[in-house]
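Overview (structure and organization)
So you can see what is in the structure, the chains are spelled out below.
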Amino acid sequence: MLDSLKRIFGNEKSGKVAKKRLQMVLIQDRASVSPEVMAKLRDDIIQVISKYMVIDKTDMEISLESVDDSVALVANIPVQNMRHHK
Amino acid sequence: MSEVIVVTSGKGGVGKSTTTANLGVGLAMRGKKVVLIDTDTGLRNLDLLLGLENRIMYDLIDVVEGRVEIKKALVRHKKYENLQLLPTSQVKDKSAVNPADLMALCDELRKEYDFVIIDCPAGIEQGFQTAIAGADTAIVVTMPEVSAVRDADKIIGELGRSEKDNIKLIINRIRPAMVDSGEMMDMDDINDILAIKCIGQVPDDIKVVTSANRGEPVVGDNDSQAGKAYENIVGRLLGEDIPFMEFEKEGFFKKLMKAFKLSKD
């Protein structure tokens, strides 16, 4: 309550503001992955999932998306069939 | 056992060269054989901070290009005989040395010195890659300001990609009064953000400027808080367990209040 009041009146100390802003921006900085790394990640994901399912490699999509203060790895992988395990 | 340390930061102006000079002198004062290498080619300054600017005959580029032996290019410190500086060129650019050159040089110097400390240029381009190539340990210098901390994080990422995993942090130019009033991040805040082992926090101290004016690093000065902080860092580099110092930030009035137990802390 006190915190939100402080925020409304812009009274939050700048040291805390700095920390919060850095924590947010660094999540995004750290998540900016080079295309080569994304391609490797994609190959690895295909390998792991293919052990359990038959997937459509051409139609799959993998991306990093940042929402507010967090980053998510979003994958859309069409499954064609299940592999049967003994 | 010798150690090659690179002092780096990403952002310019946070105190890489000052840190390098102070750690060099501090380790030499403790009897260690130390060589400092300035790799900020084109913008050399370590010589000036050490008061050795008038003694330079040869530089890093002369050594790398084979014009002179390392021993001839090293400049001995006036006061501490076991401290040497390998200055860099003020006229060439950073591409004059490549990572393999520096790695070979470090391996050579390792045989004779306890510590090889490399002053890295700002930025994350080739000069940075060259400076870190031969290092066992990286010291990342940052300041409690948003841009310096962000750049430190970037540098930590780059070091990781180059498989330099032994990384230590120094937080420089802390203003205790601002930290006290909540207007500056403190060591804990920066530790939370960067998650790197901190080996020192150095307060902003006019003595750092006045000692640089004279070309005498502040580390030996016991009247200086920054001098004391650097001395502690030197001890920690030598494996000693030294608690972090409390900064003197109290004015006369607050001390008086405390004496009469009117102040809570």
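What counts and how
- Residues numbered from 1 in each chain as written.
- Chains lettered and ligands numbered in written order.
- Predicted model: local features only at pLDDT ≥ 70, side-chain atom pairs only at ≥ 80, totals over all residues.
- UniProt positions renumbered as here; feature names shortened; annotations may be inferred.
- Helix = DSSP H or I, 4+ residues; strand = E, 2+ residues; numbered from the N terminus.
- Rg over C-alpha atoms; globule rule 2.2 N^0.38 Å.
- Buried ≥ 20, exposed ≤ 12 C-beta atoms within 10 Å, placed from the backbone.
- Contact = placed C-beta atoms within 7 Å.
- Nonpolar A, V, L, I, M, F, W, Y, C, P; charged D, E, K, R; others polar.
- Expected span 1.5 Å × (residues − 1).
- Core = buried A, V, L, I, M, F, W, Y, C linked by C-beta atoms within 7 Å.
- Axes fitted to C-alpha atoms, helices over the stretch in contact; angles between N-to-C directions.
- Left-handed = near helix turned anticlockwise from the far one by under 90°.
- Domains from an automatic or database assignment.
- Pairing = 2+ DSSP bridges.

An unreviewed UniProt entry lists chain B under the name Septum site-determining protein MinD, with Anaerovibrio lipolyticus DSM 3074 as the source organism. According to its UniProt record, chain B has this under Function (unreviewed entry): "ATPase required for the correct placement of the division site. Cell division inhibitors MinC and MinD act in concert to form an inhibitor capable of blocking formation of the polar Z ring septums. Rapidly oscillates between the poles of the cell to destabilize FtsZ filaments that have formed before they mature into polar Z rings." Taken from UniProt, the Sequence similarities (unreviewed entry) comment for chain B reads in full: "Belongs to the ParA family. MinD subfamily."

If you look chain A up in an unreviewed UniProt entry, it shows as Cell division topological specificity factor from Anaerovibrio lipolyticus DSM 3074. One UniProt comment on chain A, placed under Sequence similarities (unreviewed entry), says "Belongs to the MinE family." For the record of chain A, the UniProt heading Function (unreviewed entry) holds the text "Prevents the cell division inhibition by proteins MinC and MinD at internal division sites while permitting inhibition at polar sites. This ensures cell division at the proper site by restricting the formation of a division septum at the midpoint of the long axis of the cell."

Now for the overall build of chain B. Summing up its helical and strand segments, chain B has twelve helices and eight strands in all. Expected size for 265 residues packed as a compact globule is a radius of gyration near 18 Å; at 19 Å, chain B falls within 12% of this value. Overall, chain B is about 70 × 40 × 35 Å in size when its C-alpha atoms are taken along their principal axes. A buried classification covers 49% of the 265 residues belonging to chain B. For chain B, restricting intrachain contacts to residue pairs at least 6 apart in sequence, the fraction spanning at least 24 positions comes to 74%.

With 13 residues of chain A at the interface, the matching set in chain B holds twelve residues. Considering only residue class, the side of chain A that touches chain B consists of four nonpolar, three polar and six charged.

Attention shifts here to helix α3 (residues 35-50) of chain A. For α3(A), spanning 16 residues, the distance from its first C-alpha to its last is 22 Å, which sits close to the expected 22 Å at 1.5 Å a residue. Counting buried residues in α3(A) gives zero out of 16 residues, a small share hidden from the surface.

Okay, the nonpolar core next. B:Val116 and B:Ile118 are the most contacted members of the largest nonpolar core, which has 77 residues in total. Ignoring anything within four residues of it in the chain, the contact list for B:Val116 reads B:Ser2, B:Val4, B:Val35, B:Ile37, B:Cys106, B:Leu109 and B:Arg110.

Okay, the UniProt feature "binding site: ATP" (unreviewed entry) in chain B next. Residues and elements named next belong to chain B. Taken from the UniProt record, the annotation "binding site: ATP" (unreviewed entry) applies to Lys11, Gly12, Gly13, Val14, Gly15, Lys16, Ser17 and Thr18. On the secondary structure map, Lys16 appears in helix α1 (residues 16-29). Discounting chain neighbours no more than four positions away, the residues touching Lys16 are Val7, Thr8, Ser9, Asp119, Cys120 and Val141. Contacts of Thr18, omitting those with residues within four sequence positions, involve Leu49, Val208 and Ala212.

Turning our attention to the packing of α1(B) against helix α11 (residues 225-237) of chain B. Residues and elements named next belong to chain B. Between α1 and α11, the least distance of the axes is 9 Å, while the angle of their chain directions is 65°. Judged by the twist between their axes, the crossing of α1 over α11 is right-handed. Across the interface between the two elements, Asn22, Leu23, Gly26 and Leu27 from α1 touch Tyr230, Glu231, Ile233 and Val234 from α11. Its residues placed into classes, the contact of α1 with α11 shows five nonpolar, two polar and one charged.

What follows concerns the domain arrangement of chain A. Along its sequence, chain A is carved into domain 1 (1-32) and domain 2 (33-86). Across the boundary between the two partners, domain 1 of chain A contributes five residues, which contact six residues of domain 2 of chain A.

Residue and element names in this part refer to chain B. Spatially, eight strands are ordered β3-β4-β2-β5-β1-β6-β7-β8 in an open sheet, and the strand pairing comes out mixed. Each edge of the sheet is formed by a strand with only one pairing partner; in this case those strands are β3 (75-76) and β8 (197-203). When strand β2 (residues 34-38) meets strand β4 (residues 83-86), the two strands line up parallel, connected through four bridges. Residue pairing across strands places Val34 opposite Leu83, the latter belonging to β4. α1 rests against β1 (3-8), β2, β4, β5 (115-119), β6 (137-142) and β7 (167-174) of the sheet, and its axis sits at about 165° to β5. Its contacts with the sheet place α11 against β7 and β8, and it is angled at close to 160° to β8.

With that out of the way, let us pick up unusual backbone geometry. Glycine aside, a negative phi is what most residues show, and trans is what most peptide bonds show. Residues and elements named next belong to chain B. You will see that Glu163, though not glycine, has its phi angle at about 60°, which is positive. Take Glu163: it is sitting in the loop between α7 (146-161) and β7. In this structure Glu163 comes out as exposed when scored by C-beta crowding, with 6 C-beta atoms within 10 Å. With a phi close to 55°, Arg173 is a non-glycine residue in the positive phi region. By secondary structure assignment, the location of Arg173 is in strand β7.

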